[in-house]
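Okay, here's what each chain looks like letter by letter:
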Amino acid sequence: LLVASKMNMITTNFTVTEFVFLGLSSQPKMQLILFIMFLFFYLLTVVGNIIIITVIQIETRLQTPMYFFLTNLSFLDICYTSTDVPQMLSNMMGRKKTIPFPRCATQMYFSLSLGMTECVLLGVMAYDRYVAICHPLHYTVIMNQRTCVQLAGISWASSFLSSTVINIFTLSLPYCGPNVLDHFFCEVPSILRLACTDTSFTEMVVFIFTIIIVFIPFLLIVVSYARILLTVLRMRSASGRHKALSTCGSHLTVVALFYGTGIFMYMRPQSKTSRAGGKIIAVFYTVITPMLNPLIYSLRNQDVKGALRRALEKQRT
């Protein structure tokens, strides 16, 4: 409520009262094709992540720190994609492709907050794999329930706080026109392009918080997997090496998809970011990655596949 009231106070001083989305295409036939495609992606994302959450909750074998964080990730992906995709679908089929400034500010805040949370959470998940593989005898002591809840809480709280600071700086800029947003949802880089003043300082603030919330967790991931690799190479058993690496494969795939596109979008100067390219990149980390996460974790994870199989067998009997 405090964040919402702060944003409402800031947005009352704007000349621009609404933004007009250009979206992904202006051709009616292409818009229909994109609507059907993204509606399918959205439904697949929601259903797939709900299945992952449900299976983890009902399967006692999956009541471990790794799957506690996976539950957080699945819930996060549902929220993240629901922040942007419904608005995009509405714009594709509606004649009026606009969004009021206060609603745009709210969407920008939650979209950035949830995206940052995913970055930090992926770093925490890498640390969990490091402890499990490099310190297996102390795993249950180090990654106890209290620690897991604290790490998850830090992931959410630090990201929402960082997003608050970034959005306050972004929304404090004057927006006197134009109001045409060359994007399919309200995102900081695209909003900054429409400011009626120099945005260098705000871009620097965004860059600094991107380093803190995005790049530092990425370094944690790199260091964790470097230590994991060294530990795996010392293992004499081939089956032990395979088992250790198999638990990391799904996580590494998700990291590559999400971080690769996110860093490319937020850690480059705005002047060097192609608008068309930026929209395609945004599709990957707002739509494609949340949709692929449950597929990656179910197809590449033997424990989840086994739990899904047992759940289906129970339904048949």
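What counts as what
- Residues numbered from 1 in each chain as written.
- Predicted model: local features only at pLDDT ≥ 70, side-chain atom pairs only at ≥ 80, totals over all residues.
- Heavy atoms only, no water.
- Helix = DSSP H or I, 4+ residues; strand = E, 2+ residues; numbered from the N terminus.
- Expected span 1.5 Å × (residues − 1).
- Bend = angle between axes of the 7 residues up to and from the residue.
- Buried < 20%, exposed > 50% of the residue type's maximum accessible area, 1.4 Å probe, protein only.
- Disulfide = S-S within 2.5 Å.
- Phe/Tyr/Trp six-rings, centres within 6.5 Å; stacked < 30°, edge-to-face > 60°.
- Pairing = 2+ DSSP bridges.
- Contact = heavy atoms within 4.5 Å.
- Axes fitted to C-alpha atoms, helices over the stretch in contact; angles between N-to-C directions.
- UniProt positions renumbered as here; feature names shortened; annotations may be inferred.
- Core = buried A, V, L, I, M, F, W, Y, C linked by side-chain atoms within 4.5 Å.

Draft legend 1. Inspection of helix H3 (residues 65-93) at higher detail. Here H3 spans 42 Å end to end across 29 residues, near enough to the 42 Å set by a 1.5 Å rise per residue. For H3, the principal kink sits at Ser82 and spans about 35°; a proline, Pro86, occurs within the next four residues. Buried residues dominate H3, accounting for 22 of its 29 residues.

Draft legend 2. Main features of the state of the cysteines. All chains considered together, the criterion is met by two disulfides. Regarding the disulfides, the protein carries the connectivity 1-3, 2-4 under sequence-order numbering of its bonded cysteines.

Draft legend 3. How the structure looks around the packing of aromatic side chains. Within the structure shown, the criterion is met by 15 aromatic pairs. Measuring from centroid to centroid gives 6.1 Å for Tyr127 and Tyr130, while their planes differ by 40°, and the two rings are tilted. One end of the pair, Tyr127, and the other, Tyr130, are both in helix H4 (residues 101-134), three residues apart, so they sit about a helical turn from each other. The buried category is assigned to Tyr130, whose relative accessible area is 14%. Three or more aromatic residues joined by ring pairs form one cluster here, namely Phe75, Tyr109, Phe110, Trp156 and Phe160.

Draft legend 4. Focus on the sheet that holds strand S3 (residues 180-181). Pairing is mixed across the open sheet formed by three strands, whose spatial order is S2-S1-S3. Looking at the sheet topology across the chains shown, the edges are occupied by strand S2 (98-100) and S3. Sheet analysis places strand S1 (residues 18-21) next to S2, joined by three bridges and oriented antiparallel. Residue pairing in the sheet places Phe19 in a bridge with Ile99 of S2. Of the strands in this sheet, S1 and S2 touch H4, which is tilted by about 90° from S2.

Draft legend 5. Examining the UniProt feature "transmembrane region" (unreviewed entry) in the protein more closely. What UniProt calls "transmembrane region" (unreviewed entry) maps, in this numbering, to residues 32-55, 67-89, 109-127, 148-169, 204-223, 244-267 and 279-299. When the span residues 109-127 is considered, its composition is 100% helix and 0% strand, and the gap between its end C-alpha atoms is 27 Å. Counting secondary structure, residues 148-169 comes out at 100% helix and 0% strand; the distance between its end C-alpha atoms is 32 Å.

Draft legend 6. Representation of the environment of Leu308. Tracing the chain through its elements places Leu308 in helix H11 (residues 302-316). Between the C-alpha atom of Leu308 and that of Ile56, which follows or precedes it by 252 residues, the distance is 9.4 Å. With sequence-adjacent residues up to four places away left out, Leu308 is seen in contact with Ile51, Val55 and Ser298.

Draft legend 7. Representation of the nonpolar core within the structure. Counting residues in each nonpolar core, the largest one holds 60 residues, and the members touching the most others are Phe38, Phe69, Leu73, Leu122 and Ile228. Elements that contribute at least two residues to this core include exactly helix H2 (28-58), H3, H4, helix H6 (145-171), helix H8 (200-234), helix H9 (238-266), helix H10 (275-299) and H11. Ranked by residue count, the leading element in this core is H4, at 12 residues. If we ignore the near neighbours within four places in the chain, the residues touching Leu122 are Leu73, Ile221, His251, Val254, Val255, Phe258 and Tyr259.

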